[in-house]
Amino acid sequence: MANPSPIQCSQCSGGSSSDALECAKCGGRIVRICGTCGFKNSAAKGFCDVCGEEMTAGTAGQIVPKQQIDAVHQDNLKGMSPPAETSPEPPPPPPEPPKRPEPPAPRIPEPEPPPRLPPIGRMDPEPEPPRTPEPPSEPEPAPEPPPEPEIPTVQTPAKPNPRRDLEDFLPRTGVQRILRNDELKEEQPKEPLSLKTPDPAPRPGEPPRTQLRRIPDSERKPESRKEERRPEPPKRPEPKVPEERPREKRPEAAAKKPSRHPEREKLKPLSKDDLAFTQRTIRRVKERPGASTAILLVLLLVSGGLYGLLWKQRNTPSRKLTKAAGEYLFALKEKNFGAAYEALSAESKASLSADRFTELQEKGDWSFDDLEIKSLTEKWGFITYKLYGSNASGEDWMHFVLENGLWKRAYWWHLMTPIEEALARRDFQAALKYANEAAELNPRDPLVNSYLCEAAYGLGRWDAALKVCRRTFQAADKFNSRLEPKDVFHLHSLVADIYRNKLGRLSEAVGEYNIMLAFPLLDADSRCDTMLARADAHQLLKEYAEAVPDYEEAGKHCRNLHDQAYAERGVKILSGLGGEEAIQRLKSHKMPGDENTLFAWRRKVRENLARELKAAVEDLAFQETWTAEHLAGPVYKVTVTDRSTPILSGEVNLLDHSIKVNIHVR
């Protein structure tokens, strides 16, 4: 049976119940103290978080001993004093009644040993002579009984004081009540006060009766005179116990024997029908030993099955994992770092020394509660708990691995500092080395996979970076981690950049941008950059209806002037208002193999024609016009005509700055 596990306050040790969360006296946390290891668990717990033993439910609400509560009460009263001039003065004590003067104590003669009384059944032939102050004469020798305790007798003083005798014998209230009676006088008979009923007065001619003392039968000895010996009662013959003797006919001495179980005396005695049924059952069992053996085997099988189920329930992987985690945390809490180090996995201890493990631990006071398994497989377990401490409080977690049937802590925190330092100096090769060592110790920790993702991206290994980044996102959804939202946002930005700029997979890039914009509490700069990047991806996918709202929304969040101008230009171009810009782009475009722009090339063509015609350029009356037409999105068509004759045309993409020229007439 489990030791009692009382529920009480963790600060003042006051008793409480499991329904209360805080102590009504001091406001402390209500806990249940394990009766096996003494750990303070949550009040609603049924099993200890450290030793895993079941805590007795019947001890809920057990009251702490009064000495502890009084000690806490005295501490609370320290420094407190009753307010001055406010407490009422105690009433004066009632006046005591005047004591009557007592007469001088009379001289009491030396008491004499009382004469021994004869045993019951014997009478002295003559009455005992009255006592006198002189020493009485020696009685005749008689056969003395064995030494026995004598009954003390009340010695009467020479001149008794009735008032004093009554005051010494009765309670004070009784003495006062009796003394107020007018019938009590000094002339009362001077006899000693006795509680026994006085014998009736002797009849005329009959000697007074001598006070007798009853001698127990065990101390009585046979007398020499048979006529004065009290006849002994005849011995009752010992009854023969029949085989099926009814219980009602047994001797009364056996019924009066003190029972070892007093609670059984309250049970109702069996009736005759119940006794008969019991006797018939016993006879049937004796007549059919096979049936009784079968029943016994069935009972043994049932009890064995129940015991097996109980043993299996107490030795499930979840119970073992909870117990291992509780023992590990309890060792850290008690600063027993040696025991905590032994609870690490074999690979963790191989990469970490005991001294380094001790240096990494918290030195302050802290506690834990509410161990809970979040994920459990055949080889791995993930457990969370609540941490209470001066440095940090909240929810924390641990990963465990099963080694040789025992759960061990997968520990890699000693590699965190080298990884961070390598990433800070952009030494991605060293960061990848330390991150791989951490992944061997705990490949399920999201933080470890995030280090691998960033190191692979820095080394330009796009496929490996995408693989470990996706694994990071999956682990972060399943397990708690020390990755903050900004860290996860940064990893998504790396993936989106790989999809758009390195692999040209614009649809996957848009999906990553959607995830990034869904992050809560996203700052304005991050939202501006993400909106512009998604708008560009939409226009590259020729999804212009989605790109225009993104440019408009980005202009509302961008605080940089350059970003604002870029967003406004995107709205203008996609809305068909970029014709003038398209014409200027085509005029400034240079043909391959020619250093002149298109505009300069057309002017040179006109000059050459006028020279051939031996005329001035102004006299030839050239009428070239440049017009722009919005085709779709950022693409515009610019056409050069001379008196309605098309000379050339060009398709201008104002966002990617691509130009395609078609010459119709030389």
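Reading guide: rules and limits
- Residues numbered from 1 in each chain as written.
- Predicted model: local features only at pLDDT ≥ 70, side-chain atom pairs only at ≥ 80, totals over all residues.
- Heavy atoms only, no water.
- Patch = residues over 30% accessible without salt bridge, like charges linked within 9 Å, V, L, I, M, F, W, Y side chains within 5 Å.
- Areas by Shrake-Rupley, 256 points an atom, 1.4 Å probe, with all protein chains shown as cover.
- Salt bridge = Lys/Arg side-chain N within 4 Å of Asp/Glu carboxyl O.
- Helix = DSSP H or I, 4+ residues; strand = E, 2+ residues; numbered from the N terminus.
- Buried < 20%, exposed > 50% of the residue type's maximum accessible area, 1.4 Å probe, protein only.
- Disulfide = S-S within 2.5 Å.

> What should I look at first to understand a nonpolar patch on the surface in this one?
On the surface, a cluster of nonpolar side chains totalling about 300 Å² of accessible area is made up of Leu296, Leu297 and Leu300. Its location among the elements puts Leu296 in helix 6 (residues 289-314).

> Can you walk me through the pattern of salt bridges in this structure?
Oppositely charged side chains may form a pair once their charged atoms are brought near each other. Evaluation of the coordinates by the stated rule reveals 18 salt bridges. Salt-bridge contacts for Lys374 lead to Glu372; the nearest nitrogen and oxygen are separated by 3.6 Å. Close ionic contact of Asp497 with Lys502 constitutes a salt bridge, the shortest N to O distance being 3.2 Å. The buried category is assigned to Asp497, whose relative accessible area is 19%. Assessed through its relative accessible area of 37%, Lys502 is described here as partly exposed.

> So what exactly am I meant to see when it comes to the state of the cysteines here?
Here, the word disulfide means a covalent bond between the sulfur atoms of two cysteines. One pass over the full model with this rule turns up two disulfides. Sulfur-sulfur distance for the disulfide between Cys453 and Cys469 comes to 1.5 Å. Residue Cys453 is located in helix 13 (residues 446-458), and its partner Cys469 is located in helix 14 (residues 462-478); the two are separated by 16 residues in the primary sequence. Residues Cys453 and Cys469 agree in their burial class; the two are buried. Two residues share a disulfide in this structure: Cys528 and Cys558, whose sulfurs sit 1.7 Å from each other. Between Cys528 and Cys558, the S-S torsion sits near 85°, and that sign places the bridge as right-handed. In this pair, Cys528 is assigned in helix 17 (residues 524-540) and Cys558 in the loop between helix 18 (544-557) and helix 19 (561-574), connecting sequence segments 30 residues apart. Across the pair, exposure class does not vary: Cys528 and Cys558 are buried alike. Indicated for the chain is the disulfide connectivity 1-2, 3-4, based on numbering the bonded cysteines in sequence order.

> When you look at unusual backbone geometry in this model, what are you seeing that I'm missing?
Excluding glycine, residues mostly carry a negative phi; peptide bonds, for their part, are mostly trans. You will see that Asp370, though not glycine, has its phi angle at about 55°, which is positive. By the element assignment, Asp370 lies in strand 4 (residues 366-376). For Asp370, a relative accessible area of 25% gives the class partly exposed. The backbone of Asn404 shows a phi angle near 55°, a positive value even though the residue is not glycine. Mapped onto the fold, Asn404 is located in the loop between strand 6 (394-403) and strand 7 (406-409).

These figures come from the coordinates and say nothing about function on their own.
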